[in-house]
Amino acid sequence: MSSNTRPSDAARLAPREQPASPRAQRLRVLFVLLYPLLAHLAAVGGDSRLAAIALGDILLVMLLDGLLAKRLRSLLLLLIAIPGLVLLSRTSFAMAPLLIMPALLLAIAALGFARTLRAGKTPLIASIVEVLEGDDANNLPAPLRRYTRGLTLAWAVLLGSLALVNLSLALCAVPGGVLASVGITPPFSVSNTQWSWFANGFNYGIVGVFFLLEFAYRRHCFPERIHGFRHFATRLARMGPSFWRRALH
């Protein structure tokens, strides 16, 4: 946790945090919801064009704020990526990056949680609590500080474990998996459809169940700090990408 001699990471983040605009929120939700559908259809049908479109959808999620703000860097990245995705869609290798994408995103998320557990950093969950409640880590009760650190570790472990499972499936998917695409026979094989149901279904289900169970447990442990799931989820959703970038830095 942060020391008593300096403000916590989240306390420094909170005054600068600006919620995402309604337009950005709607577009981000649309692109995020569209991705698993595109990825599933591409995997089941072995469609390289849909695979490239799904990868482009992820790129739009990443560049959305910059594009809406008309930042030159984001516009250039998009202009460079479009011809690359078109070329990729015309090859037999388009499925491999699509299959590896869930493992990559989960690994990045797990690393983000884990990095905030280093000495001198504020655990990510503590940063979220601070920003949502307008408080400082030093003012949080000791049991809550321990809980937020343990929960940050739990999320890192869960997401890291899912990343490893998804990596294994991406390597061994047939046809179009990473190993198969370079001519290596995998030690075991799963179909693209099986990969898709896990990557584009079970991943979200596992994370969602963990989120709900943790919220119920936290409400039991700290009832005075919980105002209902809808209230919590709404406030959490309003935290813009700038918070996550700074908190995970």
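Look up a bit, the structure's there.
Residues numbered from 1 in each chain as written. Predicted model: local features only at pLDDT ≥ 70, side-chain atom pairs only at ≥ 80, totals over all residues. Heavy atoms only, no water.

Draft legend 1. Summary view of helix α9 (residues 192-221). The end-to-end C-alpha distance of α9 is 42 Å, a good match for the 44 Å that 30 residues give at a rise of 1.5 Å each. Among the residues of α9, Asn-192, Trp-195, Ser-196, Phe-198, Ala-199, Asn-200, Asn-203, Glu-214, Phe-215 and Arg-218 are the ones counted as buried. Close packing links the buried residues of α9 with α2 (22-45), α5 (95-115), α7 (142-172), β1 (173-174), β2 (190-191) and α10 (229-237). (Helix = DSSP H or I, 4+ residues; strand = E, 2+ residues; numbered from the N terminus. Expected span 1.5 Å × (residues − 1). Buried < 20%, exposed > 50% of the residue type's maximum accessible area, 1.4 Å probe, protein only. Contact = heavy atoms within 4.5 Å.)

Draft legend 2. Layout of the pattern of salt bridges. By the definition in use, this model includes 3 salt bridges. Between Arg-218 and Glu-214 there is a salt bridge, with its nearest N and O atoms 2.7 Å apart. Taken as a pair, Arg-218 and Glu-214 lie in helix α9 at a separation of 4 residues, close to a single helical turn. Taking relative accessible area as the criterion, Arg-218 reaches 12% and is therefore assigned buried. (Salt bridge = Lys/Arg side-chain N within 4 Å of Asp/Glu carboxyl O.)

Draft legend 3. Unusual backbone geometry, seen in detail. Val-174 connects to Pro-175 through a cis peptide bond whose omega is 0°. Even without a glycine there, the phi angle at Lys-70 is positive, about 60°. Mapping Lys-70 onto the fold places it in the loop between α3 (48-68) and α4 (72-89). With relative accessibility at 69%, the residue Lys-70 sits in the exposed group.

Draft legend 4. Main features of the packing of α3 against α5. Two elements in contact, α3 and α5, have axes separated by 8 Å at closest approach and are oriented at 30°. Judged by the sense of rotation from one axis to the other, the crossing of α3 with α5 is left-handed. Residues Ala-51, Ala-54, Leu-55 and Ile-58 of α3 form the contact with α5, whose participating residues are Met-95, Pro-97, Leu-98, Met-101 and Leu-105. A class-by-class count of the residues in the contact of α3 with α5 yields 9 nonpolar, no polar and no charged. (Axes fitted to C-alpha atoms, helices over the stretch in contact; angles between N-to-C directions. Left-handed = near helix turned anticlockwise from the far one by under 90°. Nonpolar A, V, L, I, M, F, W, Y, C, P; charged D, E, K, R; others polar.)

Draft legend 5. Structural context of the packing of aromatic side chains. What the rule picks out here adds up to 5 aromatic pairs. A centroid spacing of 6.1 Å and a plane angle of 25° characterise the contact between Phe-113 and Trp-155, whose relative ring orientation is stacked. Residue Phe-113 is found in helix α5, and its partner Trp-155 is found in helix α7; the two are separated by 42 residues along the sequence. Judged on exposure class, the residue Phe-113 and its partner Trp-155 are both buried. Centroid distance Trp-155 to Phe-210: 4.6 Å. Interplanar angle 80°. Geometry classified as edge-to-face. Highlighted residues: Trp-155 in helix α7 and Phe-210 in helix α9, separated in sequence by 55 residues. The exposure class of Phe-210 is partly exposed, given its relative accessible area of 25%. Through successive ring pairs, a cluster of aromatic residues spans Phe-113, Trp-155 and Phe-210. (Phe/Tyr/Trp six-rings, centres within 6.5 Å; stacked < 30°, edge-to-face > 60°.)

Draft legend 6. Highlighting the nonpolar core. Ranked by internal contacts, the top residues of the largest apolar core, which has 47 residues, are Leu-98 and Ile-128. Sorting the residues of this core by element identifies α2, α3, α5, α6 (124-133), α7, α9 and α10 as the ones contributing at least two each. With 11 residues, α7 is the largest single contributor of residues to this core. Among residues more than four places away in sequence, those in contact with Leu-98 are Tyr-35, Ala-39, Ala-42, Ala-51, Ala-54, Leu-55 and Trp-195. (Core = buried A, V, L, I, M, F, W, Y, C linked by side-chain atoms within 4.5 Å.)

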